[in-house]
Amino acid sequence: MEPPENSNKDSNGFEMAEKIILRWDSTASEDARERMIFETDRQEADLYLQAVDEIQRSLSNASISSSSNNNTVSTGGDDQSKVNTTIQIAMARLEDEFRNILLTHTSALETDSLFDPTSSAASTPHAQEFEEDDNSLSHHSTSSNSLLNLQHCESSDSSSYRSTSSIREVDLMPAEAIADLQAIAMRMISSGYLRECIQVYGSVRKSAVDSSFRKLGIEKLSIGDIQRLEWEALESKIRRWIRAAKVCIRILFASEKRLCEQIFECVGTDIDDACFMETVKGPAIQLFNFAEAISISRRSPEKLFKILDLHDALMDLLPDIEAVFDSKSSDSIRVQAAEILSRLAEAARGILSEFENAVLREPSRVPVPGGTIHPLTRYVMNYISLISDYKQTLIELIMSKPSTGSRYSGDPSTPDMEFAELEGKTPLALHLIWIIVILQFNLDGKSKHYRDASLAHLFMMNNVHYIVQKVKGSPELREMIGDDYLRKLTGKFRQSATSYQRATWVNVLYCLRDEGLHVSGGFSSGVSKSALRERFKTFNAMFEDVHRTQATWLIPDAQLREELRISISEKLLPAYRSFLGRFRSHIESGKHPENYIKYSVEDLETAVLDFFEGYPVSQHLRRRSQ
């Protein structure tokens, strides 16, 4: 059988290609070790790629020839071995060139500018708000002088993840470098060097991602490390993580995915996904491990709001996570993110339930001085005011009503709450009302530790009034609590104010009655001066005691303090003025009237102004100048 006419031509082509390959064999040439082909002139790089193509054709022809002449003893086996050796040398060289191009054009993202959505590097047309005139990062076309200018795969701008407006891809490499990497990758993969290509790509790009992580402040901490940290330290890390996660998902990972597509999408099925996961799987797991550690950490009330911040951030990122990690090979990342989100939601529900129980069982028994607002009241109301700030999230998370007592339960350790009176409220609103109910229940128990009933009533008045003011001060909280329940609360603190006045002033005002002062019969009909003097002395002593004691009591709210003083004055002053008017002459006609009529109406009016200021006053009341 005659050899084909072009056999000599093929042989010459192989020999020329072999010379080019061997000239750049770094194991045989010092010059080849010190220089990189793709850093020399463009023509040399294109000649090398042509040579690789020729060797690959020779390899294919040698295989065909060996197959067709398998019964003939020939030099075909030697030719095949020679071609295999040459292709191995070429692939080793291309692997080095591939790595060098990646390293030369790899640097960590400038993360500082990425935190600010108004400033950034250039991006895809779908992120116009993220564009600026930065020529160094603008899209370039492959050099027109390239002899082997490969037809670039069109980036699938219509693909789902690029339609997510929050994703902002940036160019990680210039177009010339991408074209060279694509050309090398095609030849390595077609020669059976897919694994080597992916490994080189993944190791270089993962180092770049790791560098960006360090700039973003993402630490390499295990779940155990995170759970051992104090909560105060974790709070700042959570804030940093939320900022960093947005950059990682929407910019860093999205841009890495785009670079993989630019280089590998036309090379073979799923190769771009394989390279992408080789690059970012480890960093992505590291990123999400932090949120996972928080989601499974010990629950306590102070963690609720940071957990909700994490939940909201992850919920906001979930569409972007699903878009960036949209391939089958990245299932585990999507599943992990969804599971963390679910655990964060469960943690928030659990913390709210534990908070309710903690409020109900809060054990402090020492009365707060002066009947002022209890620290528990401030803490709980500030807490539920913050809860109302997360209304939209919690309305979705809190689906069930609170576990409460009822008037039929007979459990004295749990207050009553009837849902029938609160029709139409969301489960979240019912939980907030329940927290206020159990707070009042706990406060009522604490009020019983005051020995003075008047102070116990003042304590309840102060605390329920504070609850009302906090509800009124938060539009979101007021909307959920509702004006009907707010009126009920207002009635409670007004009832406490009334109970205080009864407990304090009924006995004082009882001194100013007429009963028991008049005598009749014989020559002594009229007013008993001894009884009258005793009545004035009793009034003075009682009022002085109330004044001395209740000046040290405290009503922190200025308006409430003034209202209660006015109410006291409206009862006390007219009664004293009337009593003085009726009986002054009887005292002043006797000896030492100043010992009995110690105070004018104006003196009492001034003395009332000392009440509820929270500090001691002079031993004696201020008296009007005689």
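Per chain, residue numbering runs from 1 following the sequence as it is written. Where totals are concerned, whole chains, interfaces and linings use all residues; where local detail is concerned, this predicted model gives features only for residues with pLDDT of at least 70, and gives and counts side-chain atom pairs only at 80 or more. Only heavy atoms go into the side-chain values, all of them from the structure, while hydrogens and water stay out.

### Let's talk about the overall build of the protein chain
Moving on, step 1. Under the scheme used here, helices are H or I runs from DSSP no shorter than 4 residues and strands are E runs no shorter than 2 residues, and both carry numbers assigned from the N terminus. From N to C terminus, the protein chain includes 21 helices and two strands.
Moving on, step 2. Here, two residues are considered to be in contact whenever any of their heavy atoms come within 4.5 Å of each other. The contacts of the protein chain with a sequence gap of at least 6 include a subset with a gap of at least 24, amounting to 79%.
Moving on, step 3. Only carbon and sulfur atoms are counted for the fraction: they give 50% of the accessible area of the protein chain, which is about 30900 Å². Computed with a 1.4 Å probe, the accessible areas rest on the Shrake-Rupley method; for each residue, only the protein chains presented here act as cover.

### Overview of the pattern of salt bridges
Moving on, step 1. For this document, the term salt bridge refers to a Lys or Arg side-chain nitrogen within 4 Å of an Asp or Glu carboxyl oxygen. For the structure shown, the criterion picks out 38 salt bridges.
Moving on, step 2. The shortest N-O distance in the salt bridge between Asp514 and Arg582 comes to 2.6 Å. Taken together, the residues span a long stretch of sequence, with Asp514 in the loop between helix H18 (483–510) and strand E1 (518–519) and Arg582 in helix H20 (residues 558–588) at a distance of 68 residues.
Moving on, step 3. One salt bridge in this structure joins Arg565 and Glu562, with 3.9 Å as the shortest N-O distance. One end of the pair is Arg565 and the other is Glu562, both in helix H20 and three residues apart, which spans about a single turn.
Moving on, step 4. According to the relative accessible area criterion, Arg565 is buried, its value standing at 7%.
Moving on, step 5. Connected through shared salt-bridge partners, Arg561, Glu562, Arg565 and Glu613 make up one network. The buried label applies to any residue whose accessible area, calculated with a 1.4 Å probe on protein chains only, is under 20% of its type's maximum; exposed applies above 50%, and partly exposed to all values in between.

### Comments concerning the side chain of His311
Moving on, step 1. Looking at the secondary structure, you find His311 in helix H11 (residues 304–324).
Moving on, step 2. Judged by relative accessible area, His311 falls into the buried class, the value being 4%.
Moving on, step 3. What His311 contacts, discounting residues up to four positions off in sequence, is Leu341, Leu344, Ala345, Thr393 and Leu397.

### Here's the deal with the environment of Asp452
Moving on, step 1. Following the sequence through the fold, Asp452 ends up in the loop between helix H15 (427–447) and helix H16 (453–473).
Moving on, step 2. Owing to a relative accessible area of 33%, Asp452 belongs among the partly exposed residues under this scheme.
Moving on, step 3. With 51 residues separating them along the chain, Asp452 and Ala503 place their C-alpha atoms 9.1 Å apart.
Moving on, step 4. Think of a polar contact as two N or O atoms within 3.5 Å of one another; within protein, one of them needs to be a possible hydrogen donor and the other a possible acceptor, and neighboring residues in sequence only count if both atoms come from side chains. Polar contacts involving the side chain of Asp452 include one to the main-chain amide nitrogen of Ser454, which spans 2.8 Å.

### Brief notes about the packing of aromatic side chains
Moving on, step 1. Put simply, two rings from Phe, Tyr or Trp (the six-membered ring, in Trp's case) pair if the centres are within 6.5 Å, and we call them stacked under 30 degrees between planes, edge-to-face over 60, tilted for the rest. Tallied over the full model, the rule gives 21 aromatic pairs.
Moving on, step 2. Both rings, one in Phe539 and one in Phe543, keep their centres 6.1 Å apart while their planes meet at 15°; by these two values the pair is stacked. Of this pair, Phe539 and Phe543 both sit in helix H19 (residues 529–550), separated by four residues, roughly a single helical turn.
Moving on, step 3. Judged by its relative accessible area of 0%, Phe543 falls in the buried class.
Moving on, step 4. Sitting above the plane of the Phe276 ring, Lys257 keeps its charged end 5.3 Å from the centroid.
Moving on, step 5. Remark: a charge is flagged as sitting over a ring if the NZ atom of Lys or the CZ atom of Arg is within 6 Å of the ring centre and within 35 degrees of the ring normal. A cation over an aromatic ring shows up here: Arg513 above the ring of Tyr510, its NZ or CZ 3.7 Å from the ring centre.

### Some thoughts on the nonpolar core
Moving on, step 1. Formed by 183 residues in total, the largest nonpolar core has its most connected members in Phe253 and Phe325.
Moving on, step 2. Sort the elements by how many residues they give to this core and helix H9 (residues 231–264) lands first, with 18 residues. Only buried residues count toward a nonpolar core, which is a set of Ala, Val, Leu, Ile, Met, Phe, Trp, Tyr and Cys residues joined through side-chain atoms within 4.5 Å.

### Observations concerning empty space enclosed by the protein
Moving on, step 1. Any residue with an atom within 4 Å of a point lines the site, the site being either a cavity, points on a 1 Å grid over the protein atoms alone where a 1.4 Å probe fits but cannot get out, or a pocket, an open set with protein on both sides within 12 Å along at least 5 of 7 lines. Grid points are joined across faces, edges and corners, and a volume is the space filled by probe spheres set on the points. Using the criterion set out here, one finds four cavities of 30 Å³ or more in the structure.
Moving on, step 2. Roughly 140 Å³ of internal volume is contained in the largest cavity.
Moving on, step 3. Around the largest cavity, the lining residues are Gly217, Ile218, Glu219, Leu221, Ile226, Lys237, Arg240, Trp241, Ala244, Gln286, Leu287 and Phe290.
Moving on, step 4. Those elements that place two or more of their residues in the lining of the largest cavity are H9 and helix H10 (271–295).
Moving on, step 5. Element by element, the count of residues in the lining of the largest cavity is highest for H9, at four residues.
Moving on, step 6. Under this grouping Gly is polar, as are all residues other than the nonpolar Ala, Val, Leu, Ile, Met, Phe, Trp, Tyr, Cys and Pro and the charged Asp, Glu, Lys and Arg. Across the lining of the largest cavity, the residue classes break down as seven nonpolar, two polar and three charged.

### Structural notes on H16
Moving on, step 1. Each helix should span, by expectation, one fewer than its residue count multiplied by 1.5 Å. Taking 1.5 Å of rise per residue, the 21 residues of H16 would be expected to cover 30 Å, and the 30 Å separating its terminal C-alpha atoms lies within 8% of that figure.
Moving on, step 2. The element H16 is extensively covered by neighbouring structure, given that 15 of its 21 residues are classed as buried.
Moving on, step 3. The residue sitting at the N-terminus of H16 and contributing the capping side-chain oxygen is Asp452; that oxygen lies 2.8 Å from the backbone nitrogen of Ser454.

### What about the packing of H15 against H18?
Moving on, step 1. Only the stretch in contact is used when a helix axis is fitted, and all axes are lines through C-alpha atoms; the angle between N-to-C directions ranges over 0 to 180 degrees. Here H15 crosses H18 at 10°, and the two axes come no closer than 12 Å. Overall, the two elements H15 and H18 adopt an arrangement that is roughly parallel. Listed contacts from H18 to Ile433, Ile436, Val437 and Gln440 of H15 are Tyr485, Leu489 and Lys492.
Moving on, step 2. Residues of the contact of H15 with H18, tallied by class, amount to five nonpolar, one polar and one charged. For classification purposes, an angle smaller than 35 degrees is called roughly parallel, one larger than 145 roughly antiparallel, one from 65 to 115 roughly perpendicular, and anything else oblique.

### Considering the packing of H15 against H16
When two helices pack together, you describe them by how their axes are tilted relative to each other and by the distance separating the axes.
Moving on, step 1. Two numbers describe how H15 lies on H16: the axes approach to 9 Å, and their chain directions differ by 160°. When the axes of H15 and H16 are compared, the pair comes out roughly antiparallel. Every pair of crossing elements has a handedness; the one defined by H15 and H16 is right-handed. Of the residues in H16, those touching H15 at Ile436, Leu439, Gln440, Leu443, Asp444, Lys446 and Ser447 are Ala456, Phe459, Met460, Asn463, Val464, Ile467 and Val471.
Moving on, step 2. Residue composition of the contact of H15 with H16, by class: nine nonpolar, three polar and two charged. Working rule for handedness: look at the near helix, and if it is turned counterclockwise from the far one by less than a right angle, call the crossing left-handed; if clockwise, right-handed.

### As for H10
Moving on, step 1. With 25 residues, H10 extends 34 Å from end C-alpha to end C-alpha; this agrees with the ideal 36 Å at 1.5 Å per step.
Moving on, step 2. Fitting axes to the seven residues ending at a residue and to the seven starting there, one defines the bend at that residue as the angle between these axes. Maximum bend of H10: about 45°, positioned at Val280, with proline Pro283 one to four residues after it.
Moving on, step 3. Of all 25 residues in H10, 20 are buried, a share of seventy percent or more.

### Comments concerning the confidence of the model for the protein chain
Moving on, step 1. Confidence in the prediction for the protein chain averages 84 pLDDT; 82% of positions are at 70 or higher.
Moving on, step 2. Residue-level confidence of the predictor, termed pLDDT, takes values from 0 up to 100. Ranking the helices and strands of the protein chain by mean pLDDT puts H16 first, with 97, and helix H5 (residues 111–114) last, with 62.
Moving on, step 3. Every residue in residues 116–164 is under pLDDT 50, and counting partners more than four places away or in other chains gives 96 contacts.

### Let's talk about unusual backbone geometry
Moving on, step 1. In this structure, His592 is a non-glycine residue whose phi angle is positive, near 45°.
Moving on, step 2. Examined against the element boundaries, His592 turns out to sit in the loop between H20 and helix H21 (601–608).
Moving on, step 3. The phi dihedral of Phe612 is positive, around 65°, even though this residue is not glycine.
Moving on, step 4. The topology assignment puts Phe612 in the segment after H21.

### Regarding the layout of surface pockets
Over the atoms, a rolled probe matching the size of one water molecule traces out where space is still vacant.
Moving on, step 1. The computed volume of the second largest pocket comes to approximately 450 Å³.
Moving on, step 2. Around the second largest pocket sit 23 residues that line it, and Glu421, Val437, Tyr485, Lys488 and Lys492 are the ones nearest its centre.
Moving on, step 3. Contributing elements (two or more residues each) for the lining of the second largest pocket: H15, H16 and H18.
Moving on, step 4. Counting residues per element, the lining of the second largest pocket draws most heavily on H18, which supplies six residues.
Moving on, step 5. Class assignment for the residues of the lining of the second largest pocket results in nine nonpolar, three polar and eleven charged.

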